[in-house]
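Descriptive structure summary
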Amino acid sequence: YVAAYSFFDALAIVFGNAIRGAGDVRFSLYLSSLLGWFVMAIPCFVIANYTSVGLYGCWAAATANIVLLGIGMMLRFRQGHWRTMRVIE
């Protein structure tokens, strides 16, 4: 889990900060909030309280969260919406 997590975490950090720095902060906020709740927090709560998977299930949820976040940020960067945004009016 940690190897995959580390690779996709690097993608999320690099591409996320690139689009945030260019002014595309709403997408970053919405994506990280939605994925954080619906892919990591809620599934981890359910896994910890209602299954016997335990810590491995929570690591799987955290890894799925960061994989989707890294891919989402990279795809948004490659779309190029940040090129037309005006940061300073």
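See the structure printed just above.
Notes on the structure in this doc start here. All of these numbers come straight from a predicted model, not from anything done at the bench.

Considerations on the overall build of the protein
Counting secondary structure elements, the protein contains three helices and zero strands. Listing each helix as α and each strand as β along the protein from the N terminus yields α-α-α. When its C-alpha atoms are laid out on the principal axes, the protein stretches across 55 × 25 × 15 Å. In the protein, buried positions account for 30% of the 89 residues. Long-range pairs, those at least 24 residues apart, make up 77% of the contacts in the protein with a sequence separation of at least 6.

Describing the packing of helix H2 (residues 25–50) against helix H3 (residues 55–79)
Between H2 and H3, whose axes approach to 8 Å, the crossing angle comes to 165°. When the axis of H2 is compared with that of H3, the two are roughly antiparallel. Read as a crossing pair, H2 and H3 show a hand that is right-handed. Across the interface between the two elements, Phe27, Ser28, Leu31, Ser32, Leu35, Gly36, Val39, Met40, Pro43, Cys44, Ile47 and Ala48 of H2 pack against Gly57, Cys58, Ala61, Ala62, Ala64, Asn65, Leu68, Leu69, Gly72, Met73 and Arg76 of H3. Class assignment of the residues belonging to the contact of H2 with H3 gives a composition of 16 nonpolar, six polar and one charged.

What to know about a nonpolar patch on the surface
Taken together, the side chains of Leu29, Tyr30, Leu34, Trp37, Phe38, Ile42, Phe45, Val46 and Tyr50 present a nonpolar region at the surface, about 1100 Å² in accessible area. With respect to the element layout, Leu34 can be found in helix H2.

Quick word on the packing of aromatic side chains
This structure, assessed with the given rule, holds four aromatic pairs. Each ring, one from Tyr5 and one from Trp59, has its centre 5.9 Å from the other, and the planes form 85°; the classification is edge-to-face. With a gap of 54 residues between them, Tyr5 in helix H1 (residues 2–21) and Trp59 in helix H3 connect regions that are remote in the sequence. Under the relative-accessibility criterion, Tyr5 is labelled partly exposed at 27%. Residue classification places Trp59 among the partly exposed residues on the basis of a relative accessible area of 34%.

What counts, and where the lines are drawn
- Residues numbered from 1 in each chain as written.
- Predicted model: local features only at pLDDT ≥ 70, side-chain atom pairs only at ≥ 80, totals over all residues.
- Heavy atoms only, no water.
- Helix = DSSP H or I, 4+ residues; strand = E, 2+ residues; numbered from the N terminus.
- Buried < 20%, exposed > 50% of the residue type's maximum accessible area, 1.4 Å probe, protein only.
- Contact = heavy atoms within 4.5 Å.
- Axes fitted to C-alpha atoms, helices over the stretch in contact; angles between N-to-C directions.
- Parallel < 35°, antiparallel > 145°, perpendicular 65-115°, else oblique.
- Left-handed = near helix turned anticlockwise from the far one by under 90°.
- Nonpolar A, V, L, I, M, F, W, Y, C, P; charged D, E, K, R; others polar.
- Patch = residues over 30% accessible without salt bridge, like charges linked within 9 Å, V, L, I, M, F, W, Y side chains within 5 Å.
- Areas by Shrake-Rupley, 256 points an atom, 1.4 Å probe, with all protein chains shown as cover.
- Salt bridge = Lys/Arg side-chain N within 4 Å of Asp/Glu carboxyl O.
- Phe/Tyr/Trp six-rings, centres within 6.5 Å; stacked < 30°, edge-to-face > 60°.

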